[in-house]
Amino acid sequence: MERFAELKKAVETVEIVDAHAHNIVALDSTVPFLNCFSEAAGDALSHVPHTINFKRSLKEIAGIYGSNLSLHAVQESRQRFGLESSAAVCFKAAKISVLLIDDGIELDEKLDIKWHRSFVPTVGRILRVEHVAEKILEKDSNGTWTLGSFMEIFTEELNGLAINTEVTETEAEEGLSDVLCAGHPIRISNKSFIDYIFLHALKVAQSYDLPMQIHTGFGDKDLDLRLANPLHLRNLLEDKRFMKSRLVLLHASYPFSREASYLASVYPQVYLDFGLAIPKLSFHGMLSSVKELLELAPMNKVMFSTDGIAFAETFYLGAKKAREVVFSVLRDACVDGDLSIPEAIAAVKDIFAENAKQFYKLDVSSRYSDVKPPLSSSFQEEELNGSSKDVTFVRIIWIDASGQHRCRVVPQQRFYSSVEKHGVGLTCACMGMSSTSDGPAVDTNLTASGEIRIIPDLSTKCRLPWAKQQEMVLADMYIEPGKVWEYCPREALRRVSKILKDEFDLVLNAGFENEFYLLKSVLRDGKEEWAPFDRTSYCSTSAFDTASPILEEVFASLQSLNITVEQLHAEAGKGQFEIALRYTECFRAADSLIFAREVIRAVARKYGLLATFVPKYALDDIGSGSHVHISLSRNGENVFIASGESIRYGMSKIGEAFMAGVLNHLPSILPFTAPLPNSYDRIQPNMWSGAYLCWGKENREAPLRAASPPGVAHGFVSNFEIKAFDGCANPYLGLAAIITAGIDGLRRNLSLPEPVDGDPDILKENLQRLPVSLAESVQALEKDTLFRDMIGEKLLVAIIGVRKAEVKYYSENNQAYKDLIYKY
């Protein structure tokens, strides 16, 4: 590869002239995001996720946004960043310096050409012949039309390339009559009329020495591919009237790339553009298509366009794959002895930029690097461009097996010069620590020997709302860069999420409710104690008034981190509140939960208060949970809710099987979601925490509650709530355990028992009690082989070892739970 390093550099750094693309649409457009990956429409879109292009391109987009690998996660990232910021990311990565837009395609919520100039230095317009004609005819059906005043005219989407160069005015007039008689909206489909318009446009273009782009090969589904072979153009190309025309064959004329190459080699007026073929084909298809173009065609007649449309991601994908393909093709040409490396480098510059500049007579006066894209308030500039000069420290956060938030802090300069790529060292014992000791618990198989790396997940990096000169970022655990440590909680969630996706094409979505107490410091007998912030009741307006300054600042801070709050209110405990977060893809939900806890605690400290998520802060008051709502989606659609099938309980068969798996393994899930002995002081009858092994429809005393929120049709279930999840749980491990159990339910096609509608405590003779202690739930987990296989045996051993250490310590120190408020 060292031999081709200079060629690689030329390919990666050249600024692209994108000679054919279309408008981007607003975020609320009805254009399906799946069109980012395919030309398909209607029912055919449902098959797009099974294409090579989709699977490859989704990875590329997830990579640039730093999101989880799912369609839902990518769409969440687009919404979170906002249109301007996501477009800025895509265009900056694509390095497009010139953009020529065909704005003749009607798209819902289409943004005008001027909008695109915020991202690319030079933006020009391509006139679509049929669109122009249709607009004129729509405006005045009895009027005349001429294309002589247009300064730049191109065409695409002809019904066939066998142009009748001898079409008469009479035939054209008859064709016009056919078009007008077809009604509105005007759609030009008469062949004679199209040929007449095309030839007239070509004459005008030739008189102004303007080029014409012609749609050849594949593309929109309404064309007849049999007539899209560019060889049909030979009559036109040999017509003496058009010998001085300049014609560009779009889309690499795929699957007729060799034919296009031949035409470019023998006709001086023919030029080639390989947009759309890249990136829509498989990588081998892209390679072979470009190689076929270069078999005969002069390299100074080959150009590139992204054919990007509707979504900024299509521009990025086109540019990225084009660079990879052109490098591979030219490298192979060098290996074969067809080109020297200097000749290949010259070809790179010609294909991506210089040919188009000369062909389209472009005056490119500004450079892409000079562009300062506007950034929305929801996505900070430093997250696009690296460090900010006013940042002093960066906190690198991880969550250990006991659910505690821990961090290493590095100076800004070191973070951006080294740590963001290589991470920082950390003892292997970090995943063996309990809430009682900062040393590894026995039986975890983790000791003071050995070191790992915590490497930042840069997609999570953000400013601390309460300390503006600091940043924080979540981290993954690696043995070394590129090799994930098997004890990493975030990796455990990724691993089981991938199994769910690969086996069932499903994505888990989650929404957490944060319950917490606000405590104030009081002196009693000269000693500091913590007492409830207030003593009002559930959903009390006076409690909300009292806490409003705190809650408003928490809300604003979460907004600045792009974490959406669904609702907040005073809870039933004295000084207790709840903040419910927006429902989203599970990995994003876990990340958001971590940041929400950090925000709530930090804002409380600012007001001299202590916020605690401890399950049972006071044994004589209500407990705090972190209830999680769960559903499943496929291609962005909720498939938990029943739809057109024989169903029970208002949920789909998929939803029932998944939920049945969770119910079946719930005792074994508890060590993940209720990790402390104090957790079981909360899981008691008549405490709205779910103490018996059962489920119910809208039954808040059941540990699993099938939910029908507002907006869901009566009798249908859109998700279920797990109540036995608290604020001391590591959310990555908790969600991984839930997915593991759900996968087992799907694999075995499990069914739910009848729901419990009344008070489970009254019906307890017919119900199994959930584990009444952490020791009991750990015993259930040790007997359940499913989690050893799915979570990973080494990680599971560490988790069980930590839980046993908790059991031992708190059984010997029955008042020690009171110190948990400082840790959770």
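Residues numbered from 1 in each chain as written. Predicted model: local features only at pLDDT ≥ 70, side-chain atom pairs only at ≥ 80, totals over all residues. Heavy atoms only, no water.

**What about the overall build of the protein chain?**
Threshold: Note on conventions: DSSP H or I runs of at least 4 residues are helices, E runs of at least 2 residues are strands, and numbering of each starts at the N terminus. Here's how the labels work: a residue is buried when its accessible area is under 20% of the maximum for its type, exposed when over 50%, partly exposed in between, all with a 1.4 Å probe on protein chains only. Only heavy atoms enter the contact rule, under which two residues are in contact if any of them lie within 4.5 Å. Accessibility throughout is a Shrake-Rupley quantity obtained with a 1.4 Å probe, and a residue counts as covered only by protein chains that appear here.
On a plain count of helices and strands, the protein chain comes out with 26 helices and 27 strands. Expressed as a percentage of its 824 residues, the buried residues of the protein chain come to 59%. Once local pairs closer than 6 in sequence are excluded, the contacts in the protein chain between residues at least 24 apart make up 74%. For the protein chain, the accessible area works out to roughly 33,400 Å², and carbon and sulfur atoms hold 50% of it.

**Digging into the state of the cysteines**
This is how it is decided: Here, the term disulfide refers to a pair of cysteine sulfur atoms separated by no more than 2.5 Å.
Under the definition given, this model contains zero disulfides. You can see Cys430 has no disulfide; the closest cysteine sulfur is in Cys428, sitting 7.0 Å from it.

**Some thoughts on the sheet that holds strand β6 (residues 247–249)**
Counted only if it meets this: One bridge is not enough; two strands pair if DSSP finds at least two bridges between them. Every axis corresponds to a line fitted to the C-alpha atoms, with the helix fit spanning only the stretch in contact, and the corresponding angles, defined between N-to-C directions, vary from 0 to 180 degrees.
Read from one edge to the other, the open sheet built from four strands follows the order β5-β6-β7-β9, with strand pairing classed as parallel. The sheet is open, and its two edges are formed by β5 (212–214) and β9 (302–303), each paired on a single side. Each of β6 and β7 (270–273) touches helix α10 (residues 257–266); the most contacted strand, β7, lies at about 145° to it.

**Examining the pairing of strand β22 (residues 609–612)**
Regular strands have side chains that alternate between both faces of the sheet. Burial along β22 is two-sided: the residues Leu609 and Ala611 and Leu610 and Thr612 are all buried. Alignment of strand β17 (residues 507–524) against β22, held across four bridges, turns out to be antiparallel. Paired with Leu519 across the strands is Leu610, a residue of β22.

**Details of helix α2 (residues 52–65)**
To keep things clear, this is the line we draw: Here the expected length of a helix is defined as 1.5 Å per residue gap, with one fewer gap than residues.
The terminal C-alpha atoms of α2, which comprises 14 residues, lie 20 Å apart, in line with the 20 Å expected from a rise of 1.5 Å per residue. Within the span of α2, buried status applies to Asn53, Phe54, Arg56, Ser57, Leu58, Glu60, Ile61, Ala62 and Tyr65. The first or second residue beyond α2 is Gly66, which carries a positive phi of 70°.

**Things to note about unusual backbone geometry**
The amide bond that connects Tyr254 to the next residue, Pro255, takes the cis arrangement and shows omega of 10°. Looking along the chain, the bond that leaves Ile278 and enters Pro279 is cis, with omega of 10°. Tracing the chain through its elements places Pro279 in helix α11 (residues 277–280). One non-glycine residue, Leu276, adopts positive backbone phi at about 75°. Tracing the chain through its elements places Leu276 in strand β8 (residues 275–276).

**Description of the packing of α2 against helix α13 (residues 312–335)**
What describes two packed helices is the angle between their axes and the distance between those same axes. Keep this limit in mind: Throughout this description, any angle smaller than 35 degrees is read as roughly parallel, any larger than 145 degrees as roughly antiparallel, any in the 65 to 115 degree range as roughly perpendicular, and the remainder as oblique. Throughout this entry, Asp, Glu, Lys and Arg are counted as charged residues, while Ala, Val, Leu, Ile, Met, Phe, Trp, Tyr, Cys and Pro are counted as nonpolar. The remaining residues, Gly among them, count as polar.
The N-to-C vectors of α2 and α13 enclose an angle of 105°; their axes lie 11 Å apart at closest approach. Comparing the axis directions of α2 and α13 gives the class roughly perpendicular. Along the contact surface, α2 presents Arg56, Ser57, Glu60, Ile61, Ile64 and Tyr65, while α13 presents Glu313, Tyr316, Leu317, Lys320, Lys321 and Glu324. Here the residues of the contact of α2 with α13 sort into five nonpolar, one polar and six charged.

**Here we look at the environment of Ser57**
With respect to the helices and strands, Ser57 occurs in helix α2. According to the relative accessible area criterion, Ser57 is buried, its value standing at 2%. Not counting residues up to four positions away in its chain, the partners in contact with Ser57 are Phe37 and Leu317.

**Remarks on the nonpolar core**
For clarity, the threshold we go by: The criterion is simple. A nonpolar core is a set of buried Ala, Val, Leu, Ile, Met, Phe, Trp, Tyr and Cys residues joined through side-chain atoms within 4.5 Å.
Core analysis: the largest hydrophobic core is formed by 125 residues, its most contacted members being Phe658, Leu735 and Phe787. For this core, the leading source of residues is helix α19 (residues 586–606), giving 12 residues. Apart from residues lying up to four places away in sequence, Phe658 is in contact with Leu500, Leu508, Ile630, Leu632, Phe720, Ile738, Ile739, Gly742, Ile743 and Leu746. Of all hydrophobic cores here, the second largest spans 114 residues; its members include Leu34, Leu249, Leu281 and Tyr316.

**Some details on the pattern of salt bridges**
Pairing of side chains with opposite charge becomes possible as their charged atoms draw close. Here is the rule we go by: Here, a salt bridge means any side-chain nitrogen of Lys or Arg that lies within 4 Å of a carboxyl oxygen of Asp or Glu.
For the coordinates displayed, the defined rule picks out 41 salt bridges. A salt bridge links Asp438 to Arg406, with the shortest nitrogen-to-oxygen separation between them at 3.3 Å. Taken together, the residues Asp438 in the loop between β12 (424–427) and β13 (451–456) and Arg406 in strand β11 (residues 405–411) connect sequence positions 32 residues apart. Of the residues examined, Asp438 reaches a relative accessible area of 58% and is grouped as exposed. One salt bridge connects Arg453 with Glu451, and the closest N-O pair in it is separated by 2.9 Å. One network of salt bridges, in which partners are shared, links Asp457, Asp476, Arg490, Glu491, Arg494 and Asp591.

**What to know about a nonpolar patch on the surface**
Inclusion rule: Each patch is built from residues lacking any salt bridge and having more than 30% relative accessible area; the joining distance is 9 Å for like charges and 5 Å for nonpolar side chains (Val, Leu, Ile, Met, Phe, Trp, Tyr).
Side chains of Leu231, Tyr262, Val266 and Leu296 sit close together on the surface and give an oily, nonpolar patch of about 330 Å² of accessible area. Assignment of secondary structure puts Val266 in helix α10. Its relative accessible area of 41% is what places Val266 among the partly exposed residues.

**Remarks on the side chain of Ser497**
For Ser497, the location among the structural elements is in helix α17 (residues 489–504). Those residues in contact with Ser497, other than ones at most four positions away along the chain, are Cys586 and Ile739.

**With respect to the side chain of Ser261**
Applicable threshold: The term polar contact refers here to a pair of N or O atoms within 3.5 Å; inside protein, the definition further demands a hydrogen-donor-capable atom paired with an acceptor-capable atom, and it admits residues adjacent in sequence only when both atoms are side-chain atoms.
Of note, Ser261 is situated in helix α10. The class of Ser261 is buried, set by a relative accessible area of 1%. A distance of 3.0 Å separates the side chain of Ser261 from the backbone nitrogen of Ala297, its partner in a polar contact.

**Topic: the packing of aromatic side chains**
What counts, and what does not: Here a pair means two rings of Phe, Tyr or Trp (six-membered ring of Trp) with centres within 6.5 Å. Their orientation is stacked below 30 degrees between planes, edge-to-face above 60, and tilted elsewhere. Here, a charge over a ring means that NZ of Lys or CZ of Arg falls within 6 Å of the ring centre while also lying within 35 degrees of the ring normal.
For the structure shown, the criterion picks out 22 aromatic pairs. Geometrically, the ring pair formed by Tyr271 and Phe359 is tilted, given 4.4 Å between the ring centres and 50° between the ring planes. Taken together, the positions of Tyr271 in strand β7 and Phe359 in helix α14 (residues 341–359) put the pair 88 residues apart, joining distant regions of the chain. Residue classification places Tyr271 among the buried residues on the basis of a relative accessible area of 18%. The class of Phe359 is buried, set by a relative accessible area of 5%. Each residue in the set Phe33, Phe37, Phe54 and Phe311 is aromatic and connected to the rest through ring pairs, giving one cluster. We note Lys8 situated over the ring of Phe327; from NZ or CZ to the ring centre the distance is 4.6 Å.

**A look at α10**
For clarity, the cut-off: Read the arc as the range of directions from the helix axis to the C-beta atoms.
Among all positions in α10, only Ser257, Ala260, Ser261, Leu263 and Ala264 are buried. One side of α10 carries all its buried residues, which in axial view fall inside an arc of 165°. Elements that come into contact with the buried residues of α10 comprise α9 (234–237), β6, β7 and α12 (283–296).

**A short note on the confidence of the model for the protein chain**
Predicted coordinates in areas of low pLDDT are best not read in detail. We apply this condition: Every residue carries a pLDDT, the predictor's confidence in it, which falls somewhere between 0 and 100.
Chain-level pLDDT for the protein chain is 84 on average; 87% of the residues reach the 70-or-more range. Looking over the protein chain, one finds the lowest element-wise mean pLDDT in strand β4 (residues 153–154), namely 29, and the highest in helix α23 (residues 731–748), namely 97. The low-confidence segment residues 140–163, where pLDDT is below 50, has 92 contacts with residues more than four positions distant or belonging to other chains. A low-confidence stretch, residues 365–387 (pLDDT under 50), is modelled with 57 contacts involving residues beyond four sequence positions or located in other chains.

**Focus on the pairing of strand β26 (residues 704–707)**
Going residue by residue along β26, you find Leu704 and Ala706 tucked away on one face and Arg705 and Ala707 tucked away on the opposite face as well. The pairing of strand β25 (residues 695–697) with β26 spans three bridges and is parallel. Note that in β26 the partner of Trp695 across the bridge is Leu704. The pairing of β26 with strand β27 (residues 719–722) spans four bridges and is classified as antiparallel.

**Remarks on the environment of Pro731**
Looking at the element boundaries, Pro731 is found in helix α23. Residue Pro731 is classed as buried on the basis of its relative accessible area of 0%.

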